[in-house]
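# Chains, contacts and geometry: an overview
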Amino acid sequence: MGKVLMKGNEAVAEAAVLGGCKYFFGYPITPQNEIPEYMARRLPEVGGTFLQAESEISAINMVFGASGSGARVMTSSSGPGISLKQEGISYLAGAELPCVIVNMVRGGPGLGNIGPAQSDYFQATRGGGHGDYRLIVFGPASVQELVDVTIEAFELADRYRSPVMILGDGILGQMMEPVEFKTAKIKEGPDKPWATTGAKGRKRNLITSLYIVPEELEKHCLKLKAKYDEISANEKRYESYFTDDAEIVLAAYGTTARICKAVVDRAREDGIKAGLIRPVTLWPFPDRPFNEAADYARAFLTVEMSNGQMVDDVRLAVNGKKPVYFYGRTGGIVPSKAEIYAEVRKILEGGAR
Amino acid sequence: MLEELIIAGFGGQGVMSMGQLLTYAGMIEDKHVAWIPSYGPEMRGGTANCAVTISDREISSPVVTEPTSVIIMNQPSLEKFERVLKPGGLLIINSSLVSKKAIRNDIKVVEIAADELANERLGNTRVANIIILGAYIKLTKVVTIDSVIESLKKVLPERRHNLIPLNRQALELGAEIV
Amino acid sequence: MEKVFTRPKSMTDKPMHFCPGCTHGVIQRLVAEVIDELGIQEDTIAVGPVGCAVFCYDYWDVDFHQASHGRAPAVATGVKRVHPDKVVFTLQGDGDIAAIGTTEIIHAAARGEKITCLFVNNSIYGMTGGQMAPTSVLSQKTTTTPAGRDKNQIGYPVKLTEMLAVLDGTAYCARVSVHNPANILKAKEVIRKAFEVQLNKEGFSLVEILSTCPTNWGLPPVEAVKWLENNMIPCFPLGEYKVAGEVQR
Ligand SMILES: Cc1ncc(C[n+]2csc(CCOP(=O)(O)OP(=O)(O)O)c2C)c(N)n1
Ligand code: SF4
Ligand SMILES: [Mg+2]
């Protein structure tokens, strides 16, 4: 199959189908409605099921049931809907159930607006619901990458028995770019001996997140921690763009990283040694490239469509070696190249240490 | 070559599909392309716009904040987008729909009375957009008219392929008048 | 000359944002007229939905809360418990009240919360662009039921007014429509009655109002009116379902 021109939302849906997703439960919310609408047409063609739930709370619990029954399953939403799903996500993490959750982030807090935003970073990378858990979180920056990480997300979810979140934004969902679906055949999930299928010829399976005895819950949480440590060791992804000799290193993910790339191009044309580190996984956060760049770069500039969330992780990674600045626009506003470039110049001219 | 175009008008004027057609044509020519629509409340009854990027090399940013060209199909959009056009950039105005004039003199301004042309020369105002697209392609050479026709074949359902000759006429008319 | 058609006092002069031919605007106006006639503008606190009516605070000049999607009856409960002598009402779409907010409306009604809920049923999700609603009728095509609503897959439309009428907590439940002048007059009468039930401290009142969505039904306004008559009224019969605490049918 050659390249096709597709909207991010439709591409993520098709990628899920190729990744083996057979069940989709969702509830409408802008700017991600093309995902459920695509699934409503597409899933019946591959013998799957699309169901519009009465709320996001129901949708995520339908995901719980389908995942616990062994299926590859997905849901998608945006800001307010993802907030409602947090209880369910905590239960999924607690019961170690795999699934893929897409958040095409919009402006918050509250009803906010439907413009593109990155203000759900904390919610996605810090757990979001109650309890001691993590999600694997991808922050793709192009429609192609959205497709690639979605297919991979189903694999990782099953491998680690964990929910995986894809953190996009309104622009990524609405944008059309050429994509290639490198996976020709629809994938299938692994055998899941832990799933509920009817206890025929085996001991019954129990899907639960309840551990009433403190010692047992601690043991369970330590097991989860060991899993998260393993994920941290194996699954960090990032892209470096002109960082080898960079005096100033920009840090950005998703749509904002695309704009920052153009800023780096512009700066290089003007003889300014700028570079970009673009985390592809937001959790686990790729801290090493930042820490290494801190040995030679003069300063870092984190750019986000928020009031500053990922900047905390950049500061932890840089660990005080060099100053980490922040520039952000919020409320559905996209920062412009000119604004970011002005910030870069200001930092360098201000003689950052 | 890095062409960053904004097309703006009222919702329902075909602004979005014009941009998609061009994006598709760029992809057919193996160029790097991206298309971003404005979306949201402003779409309902209000102004709609889309950004098209066509480039020889990988596109750093598909978000267009300083376009190299702008196509304007309604008055409010003229005020909004003339300001952000790059110096030396191309501004095409459908003067059948916009009575105001551009005010900057560091840009190239082309006015096309596309609705009248479409009506008088082709007997169909629906292809006014396509006339403008033809003019734009002639002036910027980002893609060829043949690629646009190729993409029409892919975008239009089979039963609408009878419209293709009319669209070719409109593209050629647009190219001819500038 | 006597002025016969003026803007209600409790209505602002802000132009409405609804699509051409949408009857949401008619409902906004009827509510303002009722508020004026009852002389309660300064005693009313409204709670708005998430849906096409989300900007109703721009049109009604009364104190207002903007609730999250579906939760207006819970917000209204909080308001009413703090201000038991004020008139507290919600306005909600079908997705808001009969899908995501089912819990809130059922329990507000069951508690006999002395509030009024106005439910705009247009059998579709208007604001988000035409997805299936809990009230979409069988065979109705929407963006998430491209082949039409199939009862074997997705079941049947929710008949909220009938459901709430059987709860002991409700005092008044009725269904009206605003698709033609005669029905608009009737709708206004019923909305007024629902507010009076609250003013008389009789208990919970609900009015379901059938409304058009030409945009997402993909129909010109005149045909949308016909579609409502031919497809919605048979599924959602008009009339009073509960009066003075007595189930009517
Ligand atoms: C938690 C949450 N989920 C989803 C949405 C998106 N949303 C906005 S309005 C709406 C439904 C609109 O339909 P309805 O209530 O029938 O009102 P209408 O627009 O038809 O009047 C939805 C799903 C939201 N704002 N919040
Ligand atoms: S989308 Fe439908 S319900 Fe909403 S304003 Fe338009 S016609 Fe009315
Ligand atoms: Mg509705």
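Think of each chain on its own: its residues are numbered from 1, step by step along the sequence as written. Whichever chain is written first is A, and whichever ligand is written first is 1; the rest continue in order. Per-residue local features are limited, in this predicted model, to residues with pLDDT of at least 70; the limit for side-chain atom pairs, both in listing and counting, is 80 or more; totals at the level of whole chains, interfaces and linings are taken over all residues. Excluding hydrogens and water, the side-chain figures rest on all heavy atoms present in the structure.

## Some words on the overall build of chain C
Let me state the cut-off plainly: Only DSSP runs of H or I covering at least 4 residues are called helices, and only runs of E covering at least 2 are called strands; the numbering of each starts at the N terminus. When we talk radius of gyration, it's over C-alpha atoms, and the globule rule is simply 2.2 Å times the number of residues to the 0.38. Burial classes: relative accessible area under 20% of the type maximum marks a residue as buried, over 50% as exposed, and values in between as partly exposed (1.4 Å probe, protein chains only). The contact criterion used throughout is that any non-hydrogen atoms of two residues lie within 4.5 Å. The protein chains shown are the only cover counted for residues, whose accessible areas, like all others here, come from Shrake-Rupley with a 1.4 Å probe.
Helix and strand counts for chain C come out as 9 helices and 8 strands. Computed over the C-alpha atoms, the radius of gyration of chain C is 17 Å, within 12% of the 18 Å expected from 2.2 N^0.38 for a compact globule of 249 residues. When the backbone C-alpha atoms are referred to their principal axes, chain C occupies close to 50 × 50 × 30 Å. Out of the 249 residues belonging to chain C, those deemed buried represent 55%. Excluding contacts between residues fewer than 6 apart, the proportion of contacts in chain C whose partners are at least 24 apart in sequence is 66%. Of the roughly 10,300 Å² of accessible surface on chain C, a fraction of 55% belongs to carbon and sulfur atoms.

## What to know about the overall build of chain B
A tally of regular secondary structure across chain B gives 6 helices and 6 strands. In summary, chain B has a C-alpha radius of gyration of 15 Å against a globular reference of 16 Å for 178 residues, a match within 12%. With respect to the principal axes defined by its C-alpha atoms, chain B has extents near 40 × 40 × 35 Å. Counting all 178 residues of chain B, 53% fall into the buried class.

## A closer look at the interface of chain C and chain A
Put simply, the rule is: The term buried area denotes the loss of accessible surface (1.4 Å probe radius) that occurs when two parts are joined, taken as the sum for both partners. Each salt bridge in this description consists of a side-chain nitrogen of Lys or Arg and a carboxyl oxygen of Asp or Glu lying within 4 Å of one another. Under this definition, polar contacts are N or O atom pairs within 3.5 Å; protein pairs additionally need one hydrogen-donor-capable and one acceptor-capable atom, and for neighbouring residues in sequence, both atoms have to be side-chain atoms. Residues are sorted three ways: Asp, Glu, Lys and Arg are charged, Ala, Val, Leu, Ile, Met, Phe, Trp, Tyr, Cys and Pro are nonpolar, and all the rest, Gly among them, are polar.
Counting from both sides, the interface comprises 17 residues of chain C and, opposite them, 17 residues of chain A. A buried area of about 1,300 Å², summed over both sides, lies between chain C and chain A, and 61% of it is on carbon and sulfur atoms. When the buried area of chain C at its contact with chain A is split by residue, Ile-100, Thr-128 and Thr-144 of chain C rank highest and sum to 33% of it. Here chain C and chain A share 0 salt bridges between them. At the surface where chain C touches chain A, the tally comes to 8 residue pairs in polar contact (both at pLDDT 80 or more). In terms of residue count, helix α3 (residues 94–100) of chain C provides more of the side of chain C that touches chain A than any other element does, 3 residues in total. Among the residues making up the side of chain C that touches chain A, the classes are represented as 7 nonpolar, 9 polar and 1 charged.

## Some details on the site of ligand 1
Worth spelling out the cut-off: Proximity is defined per residue: if any heavy atom of the residue lies within 4 Å of a molecule or strand, that residue is considered near it.
Within the structure, ligand 1 sits among 24 residues, and Glu-56 of chain A together with Cys-52, Asp-94, Asp-96 and Gly-126 of chain C are positioned closest to it. Surrounding ligand 1 is a set of residues that belongs to chains A and C. A distance of 3.1 Å is found between an oxygen atom of ligand 1 and a backbone nitrogen or oxygen belonging to Ile-124 of chain C. Between an oxygen atom of ligand 1 and a main-chain N or O atom of Gly-126 of chain C, the distance comes to 2.9 Å. Burial of ligand 1 by the protein chains amounts to 97% of its free accessible area of 590 Å². Listing elements by their share of the shell around ligand 1, those giving two or more residues are α4 (79–94) of chain A together with α3 of chain C. Top element by residues in the shell around ligand 1 is α3 of chain C. It accounts for 4 residues. Split into classes, the residues belonging to the shell around ligand 1 amount to 12 nonpolar, 9 polar and 3 charged.

## As for the site of ligand 2
Around ligand 2, 12 residues are found, and the nearest of them are Cys-19, Cys-22, Cys-52, Cys-213 and Asn-216 of chain C. Residue neighbours of ligand 2 fall on chains B and C, so the site bridges chains. Counting residues per element, the shell around ligand 2 draws most heavily on helix α8 (residues 214–217) of chain C, which supplies 3 residues. Residues of the shell around ligand 2, tallied by class, amount to 6 nonpolar, 5 polar and 1 charged.

## Some points on the coordination of the magnesium ion (ligand 3)
All names here are of chain C. Our working definition: Any N, O or S atom lying within 2.8 Å of the metal counts as a donor, and for Na, K and Ca the limit rises to 3.2 Å; water is left out, so some sites can look incomplete. Square planar and octahedral sites, with four and six donors, are those where opposite donors lie more than 155 degrees apart and all other angles lie between 65 and 115, tetrahedral sites have four donors with every angle between 85 and 135 degrees, and the rest are irregular.
Protein coordination at the magnesium ion (ligand 3) comes from Asp-94 (OD), Asp-94 (OD), Asn-122 (OD1) and Ile-124 (O), with a distance range of 2.1 to 2.8 Å. Coordination geometry of the magnesium ion (ligand 3): the 6 donor atoms subtend angles of 48 to 172° at the metal centre, consistent with an arrangement described as irregular. Spacing between the donor residues of the magnesium ion (ligand 3) along the chain follows D-x27-N-x1-I. Of the residues examined, Asn-122 reaches a relative accessible area of 6% and is grouped as buried.

## Brief notes about unusual backbone geometry
Look at the link from Thr-30 of chain A to Pro-31 of chain A: it is a cis peptide, with omega at 10°. Tracing the backbone through its elements, the reader meets Pro-31 of chain A in the loop between β2 (23–26) and α2 (34–42). Cis geometry is found at the peptide bond from Trp-283 of chain A to Pro-284 of chain A, where omega equals 0°. Following the sequence through the fold, Pro-284 of chain A ends up in the loop between β12 (281–283) and α10 (287–293). A positive phi angle, near 65°, is found at Asp-30 of chain B, a position not held by glycine. Note that Asp-30 of chain B resides in the loop between α1 (15–28) and β2 (32–37). Backbone geometry places Lys-141 of chain B, a non-glycine residue, at a positive phi of 55°. With respect to the helices, strands and loops of the structure, Lys-141 of chain B is situated in the loop between α4 (128–140) and α5 (145–155). Given a relative accessible area of 63%, Lys-141 of chain B falls into the exposed group.

## Considerations on the environment of Tyr-59 of chain C
All names here are of chain C. Looking at the secondary structure, you find Tyr-59 in the loop between β1 (44–48) and β2 (63–66). Residues Tyr-59 and Ala-110, spaced 51 residues apart in sequence, show a C-alpha to C-alpha distance of 31 Å. One polar contact links Tyr-59 to His-17, side chain to side chain, over a distance of 2.4 Å.

## Comments concerning the packing of α1 of chain B against α5 of chain B
When two helices pack together, their arrangement is given by the angle between the helix axes and the distance between those axes. Residue and element names in this part refer to chain B. As a reminder of what qualifies: Here, axes are lines fitted to C-alpha atoms. For helices the fit covers the stretch in contact, and angles between N-to-C directions go from 0 to 180 degrees. For this classification, under 35 degrees means roughly parallel, over 145 means roughly antiparallel, 65 to 115 means roughly perpendicular, and everything else is oblique.
Direction vectors running N to C along α1 and α5 enclose 110°, while the axes themselves pass 8 Å from each other. Regarding the angle of α1 to α5, the classification is roughly perpendicular. On α5, the residues touching Leu-21, Tyr-24, Ala-25 and Ile-28 of α1 are Ser-147, Val-148, Glu-150, Ser-151, Leu-152, Lys-154 and Val-155.

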